[in-house]
Amino acid sequence: MRATLAAKQSEVPHDRNAMLELIARAITDKAAADQPAMKPVINATGVVLHTNLGRAILAEAAIEALELAARSTVNLDFDLARGTRGERDDLVEPELLELTGAEAATVVNNNAAAVLIALNTLAEGREVIVSRGELIEIGGAFRIPDVMAKSGARLHEVGTTNRTHREDYARAIGPDTALVLKVHPSNYRIVGFTSEVALDELVALGRERGVPVLEDLGSGALIDLTGYGLPREPIVAERVATGADLVTFSGDKLLGGPQAGLIVGRRELVDRIRTNPLKRALRCDKLTLAALSATLRVYLRSGEPAAELPTLRIFNRSVGEIRQAAGRARDILAERLGPEFTLEVVESEAEIGSGAMPVEKLESAALRITHPEKSPETIAAMFRRARIIGRITNDAFHLDMRTVEDPAALAVSFDDGANERRHQGDQK
Ligand SMILES: *Cc1c(COP(=O)(O)O)cnc(C)c1O
């Protein structure tokens, strides 16, 4: 400390203005250092479940539940009736069983962890059969072959990239086969001359040969979302009913809850996963379980979950409503940006995001913002300083309004950002 002060002293400028400038900067730096690194941002990217922006926004009920849990000690691993050690999965298992029709359920930190622990429990040192058309990579380094290697299971690839048949699986099953894995190709599509083996066929084959079938479903819709303007996506309960022995899916994708990995299926297999020592390393904390439980309860008690779950509500917004929001955003921002900028409401295409349904787009509206001298990147950086994250499409900066439910929030963010820019002398 003494050494730093000494060094700083040698840098002290002699003229008064420079000195004041230095003090002002020190104060701003101090204020910036006092701010938490995680800040609210406005997601105007048009990607509803944006992995880099924290995916799903929680329902009010989930926020309340997690606040309660944060403020208090809770019966996390504690059986209130018997006063003995309990099992935290019990806090969400009944809801998961009711919603999916499965015999048992367990929860870990995220779906990547769910796949890892399922493979490790059921197939360590043995073979897992996967179609070459399903050896996927999800953003952020989740790759089926790599997760498989880390789990200690051996990957046995069958078929080809575009076509895999029942016979390919049938031939591959041997004494060393522990599992057949089916992976929902969340973030890409194989089109053209293609063929995959449907889950019911794999289940029939697995039963015939005594090999369980695990399906990594990815986004995991709990209800039919076609009523919310979304394309048809497999529903967890259907996959369980079709006979998958285990199904894994994420808590913070289409489900609209906190980050979590859900594993549902046959009791005997789920029990084995629960007693794997990895479960201790991958388990969720009380905050996640509180939010997850409340989210699942929304599905169970609400006739209209989209009214409560922001993710579904955002999918459900009409283009007319979004266009109106874009109009309001234009008025709000035109006033703040001044006449040099051109702001136009344009048609746009939003996405579901986080790897779910990559091809299907959601009709949307955006605000296109241009300036005769500023590049789209410069405009994007300016908005980022106001914590508004847009996107650059066709060489122009856009704010997609599907994901901005309240245009007035843009004004607040922009004004806060402007204050900060003033303090920082627009140096960045
Ligand atoms: C998203 C996804 C994962 C990873 O899930 P996280 O919850 O992000 O860990 C794994 N498999 C599939 C098929 C996915 O879509």
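Anything mentioned here points back to the structure above.
Residues numbered from 1 in each chain as written. Predicted model: local features only at pLDDT ≥ 70, side-chain atom pairs only at ≥ 80, totals over all residues. Heavy atoms only, no water.

Participant: Describe the sheet that holds strand β8 (residues 154-158), with residues and values.
Facilitator: Each strand in a sheet pairs with another by means of backbone hydrogen bonds, the pair being arranged parallel or else antiparallel. Read from one edge to the other, the open sheet built from 7 strands follows the order β4-β12-β11-β10-β9-β5-β8, with strand pairing classed as mixed. Two strands lie at the open edges of the sheet, namely β4 (104-108) and β8, each paired on one side alone. Averaged over all pairs of adjacent strands, the angle between strand axes in this sheet comes to 25°, irrespective of strand direction. Summarising the sheet, strand β11 (residues 246-250) and strand β12 (residues 261-265) pair through 5 bridges and their orientation is antiparallel. Paired with serine 250 across the strands is glycine 261, a residue of β12. Here helix α8 (residues 199-209) sits on the sheet in contact with β9 (177-183) and β10 (213-218), set at roughly 155° to β10. (Pairing = 2+ DSSP bridges. Helix = DSSP H or I, 4+ residues; strand = E, 2+ residues; numbered from the N terminus. Axes fitted to C-alpha atoms, helices over the stretch in contact; angles between N-to-C directions. Contact = heavy atoms within 4.5 Å.)

Participant: Before we move on, could you go through the environment of proline 185 and cite the residues and values that matter?
Facilitator: Mapping proline 185 onto the fold places it in the loop between β9 and α8. A C-alpha to C-alpha distance of 6.6 Å links proline 185 and isoleucine 136, two positions 49 residues apart in sequence.

Participant: Quick one: what's the story with the pattern of salt bridges, residue by residue and with numbers?
Facilitator: The tally for this structure, following the rule as stated, stands at 34 salt bridges. Aspartate 176 is the salt-bridge partner of arginine 154, the closest N and O atoms lying 2.3 Å from each other. A residue pair is termed long-range when its members are at least 10 positions apart, and arginine 154 in strand β8 and aspartate 176 in the loop between α7 (166-172) and β9 qualify at 22 residues. Owing to a relative accessible area of 38%, arginine 154 belongs among the partly exposed residues under this scheme. Look at aspartate 176 and you get partly exposed, because its relative accessible area is 32%. Three or more residues are tied together by salt bridges with common partners; here these are Asp89, Glu93, Arg267, Asp271, Arg274 and Lys279. (Salt bridge = Lys/Arg side-chain N within 4 Å of Asp/Glu carboxyl O. Buried < 20%, exposed > 50% of the residue type's maximum accessible area, 1.4 Å probe, protein only.)

Participant: Pulling in residues and values, what's your account of the packing of helix α3 (residues 60-71) against helix α12 (residues 286-301)?
Facilitator: Two elements in contact, α3 and α12, have axes separated by 8 Å at closest approach and are oriented at 150°. On the basis of the axis angle, α3 is roughly antiparallel to α12. Where α3 crosses over α12, the handedness of that crossing is right-handed. From α3, Ala61, Ala62, Ala65, Leu66, Ala69 and Ala70 reach across to α12, where they touch Lys286, Leu287, Ala290, Ala291, Ala294, Thr295, Val298 and Arg301. (Parallel < 35°, antiparallel > 145°, perpendicular 65-115°, else oblique. Left-handed = near helix turned anticlockwise from the far one by under 90°.)

Participant: Give a description of the environment of asparagine 111 that names residues and reports values.
Facilitator: Counting through the fold element by element, asparagine 111 comes out in helix α5 (residues 111-123). When its relative accessible area of 7% is taken as the criterion, asparagine 111 is described as buried. On a C-alpha basis, the gap between asparagine 111 and asparagine 17 in space is 56 Å, while along the polypeptide they are 94 residues apart. Setting aside residues up to four positions removed in sequence, asparagine 111 forms contacts with Asp216, Gly218, Thr248, Phe249, Ser250, Ala260 and Gly261. In this structure the side chain of asparagine 111 is engaged in a polar contact, spanning 3.3 Å, whose partner is the backbone nitrogen of phenylalanine 249. (Polar contact = N/O pair within 3.5 Å; in protein donor to acceptor, adjacent residues only side chain to side chain.)

Participant: Tell me about the side chain of aspartate 245, residues and numbers included.
Facilitator: For aspartate 245, the location among the structural elements is in the loop between α9 (236-242) and β11. For aspartate 245, the side chain forms a polar contact with the main-chain nitrogen of valine 213, separated by 2.7 Å. Contacts of aspartate 245, omitting those with residues within four sequence positions, involve Pro212, Val213, Val264, Gly265, Arg266 and Leu269.

Participant: Give a detailed account of the site of the ligand, specifying residues and quantitative values.
Facilitator: Within the structure, the ligand sits among 13 residues, and Ala112, Ser186, Asp216, Ser250 and Lys253 are positioned closest to it. Contact distances for the ligand include 2.9 Å between an oxygen atom and a backbone N or O atom of alanine 112. Aspartate 216 is positioned with one of its side-chain polar atoms (N or O) 2.7 Å from a nitrogen atom of the ligand. Protein contact buries 94% of the 380 Å² of open area that the ligand shows by itself. Going through the elements one at a time, α5 and β10 are the ones with two or more residues in the shell around the ligand. Considered class by class, the residues forming the shell around the ligand number 4 nonpolar, 6 polar and 3 charged. (Near = heavy atom within 4 Å. Areas by Shrake-Rupley, 256 points an atom, 1.4 Å probe, with all protein chains shown as cover. Nonpolar A, V, L, I, M, F, W, Y, C, P; charged D, E, K, R; others polar.)

Participant: Which residues make up the packing of aromatic side chains, and what values go with them?
Facilitator: Each aromatic ring pair is characterised by the separation of its centres together with the angle its planes make. Scanning all chains against the criterion turns up 2 aromatic pairs. Aromatic rings pair up to connect Phe383, Phe397 and Phe414 into one cluster. Positioned above the aromatic ring of phenylalanine 193 is the side chain of arginine 163, whose terminal nitrogen or guanidinium carbon lies 3.8 Å from the ring centre. (Phe/Tyr/Trp six-rings, centres within 6.5 Å; stacked < 30°, edge-to-face > 60°. Lys NZ or Arg CZ within 6 Å of the ring centre and 35° of its normal.)

Participant: Give a description of the sheet that holds strand β17 (residues 396-400) that names residues and reports values.
Facilitator: Strands sit in the order β13-β14-β17-β16 across an open sheet of 4 strands; the sheet is antiparallel. The open sheet is flanked by β13 (342-350) and β16 (391-393), the only strands paired with a single partner. Recorded for the sheet is a direction-independent mean angle of 45° between the axes of neighbouring strands. Alignment of β13 against strand β14 (residues 362-370), held across 9 bridges, turns out to be antiparallel. Within the sheet, the bridge partner assigned to valine 346 lies in β14 and is alanine 366. Each of β13, β14 and β17 touches helix α14 (residues 319-337); the most contacted strand, β14, lies at about 15° to it.

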